[in-house]
Amino acid sequence: MSGTDYQSDTLNAFTPEPSEARRVVVLISGSGSNLQALIEAQAHDELGGEIVAVISNQPDAYGLKRARDAGIDAVALPHREYDSREAYDGALIKVIERHEPDLIVLAGFMRILTPRFVNRFLGRMLNIHPSLLPAYTGLHTHARALADGVTEHGCSIHFVTEELDGGPVALQAEVAVVPDETEESLQAKVQAREHLIYPIAVRWFLEGRLQLKGDAAAMDGVALPPTGMRLSHADAAEELDEDVEE
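Residues numbered from 1 in each chain as written. Predicted model: local features only at pLDDT ≥ 70, side-chain atom pairs only at ≥ 80, totals over all residues. Heavy atoms only, no water.

Within an unreviewed UniProt entry, the label attached to the protein reads Phosphoribosylglycinamide formyltransferase, and the organism entered is Halomonas saccharevitans. Taken from UniProt, the Catalytic activity (unreviewed entry) comment for the protein reads in full: "N(1)-(5-phospho-beta-D-ribosyl)glycinamide + (6R)-10-formyltetrahydrofolate = N(2)-formyl-N(1)-(5-phospho-beta-D-ribosyl)glycinamide + (6S)-5,6,7,8-tetrahydrofolate + H(+)". (UniProt positions renumbered as here; feature names shortened; annotations may be inferred.)

Moving on to the pairing of strand β3 (residues 73-76). In this structure, strand β2 (residues 49-56) lies alongside β3, joined through four bridges in parallel fashion. Across the sheet, the residue bridging to Val54 is Ala74, located in β3. In this fold, the crossover linking β2 to β3 by way of helix α2 (residues 62-69) has right-handed handedness. (Pairing = 2+ DSSP bridges. Helix = DSSP H or I, 4+ residues; strand = E, 2+ residues; numbered from the N terminus. Right-handed = clockwise from strand over helix to strand, strands pointing away.)

Within the structure shown, the criterion is met by three aromatic pairs. Arranged with centres 5.5 Å apart and planes meeting at 80°, the rings of Tyr82 and Tyr88 form a pair that is edge-to-face. Assessed through its relative accessible area of 29%, Tyr82 is described here as partly exposed. By relative accessible area, which is 0% here, Tyr88 ends up buried. If you follow Arg111 out to its NZ or CZ, it ends over the ring of Tyr88, 4.8 Å from the centre. (Phe/Tyr/Trp six-rings, centres within 6.5 Å; stacked < 30°, edge-to-face > 60°. Buried < 20%, exposed > 50% of the residue type's maximum accessible area, 1.4 Å probe, protein only. Lys NZ or Arg CZ within 6 Å of the ring centre and 35° of its normal.)

Shown next, in the form of C-alpha cells:
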C-alpha cells in the first residue's frame, strides 16, 4: 500500500482484544454483492462485529434475500412511499437507530442522503465507490475511465459526508486497465477488489483503528493522505489469486 508504512500483510495481521460484538447496519438498493462479502467475512469471524440489519429502499432487492438467508433482519423501506427525501430519511433514521449500530455501511445504496441524515451518523458511516477517488465521482465510472484512456482504475472506501462521493478516503484498491479492456471486464475486476477491501475497512473501523478525525481519515491515530491507503494492482491480484498480465 502506498502513501503509508502499512504493508499488504497487515490485511490479516491484527488480532483484536476480545470485546462485546460491535453492531453494523447495511444499506442496499440492489443485488447486494458487497453485502455478501461482508456476510461471508462475518461467518469466518473476520468482520470484527455483527451485521444486525440490512435495509433497502427497494423492496424487491435481492440483497434482502441474502440477509434473510444469513439469518439477518431484512427491512424493506420503500422510498416511493414518502413524499420527500427529508421524510424518507427521517423514517430511515428511526429504523436504523432501533438497531443501535456502531457503524452504517452503504453497499450499493442508490440514494443521495440529506444533510440531516449524514450529520446524524457522521463518522460512523462508510461508502464504497467504483473509482479511485477523487476521480470519477457519480455514475458510470468504468465507461468514463475507459473513454479517457486511463491505465489505472479501482475502487475507494470513504467516510460519508454531505459532499457526494467526497468524504475522506480510507482505503483504495487499484486495477491495471489493459489495452483490450471492456466495461464488463473492468467492472468485474473492480467488484472483486470491492469484495476484498470492504470487509477489511469495516473490521478496522469496528476495532477502533480506522476513524474520522476532522476532515481526514485516520489509521491507528495517524492521518491518512487524501487517497487513503492504497492496495496496488499487484498486491490485490495476489490476494485474489488473479493472473497478473504483463
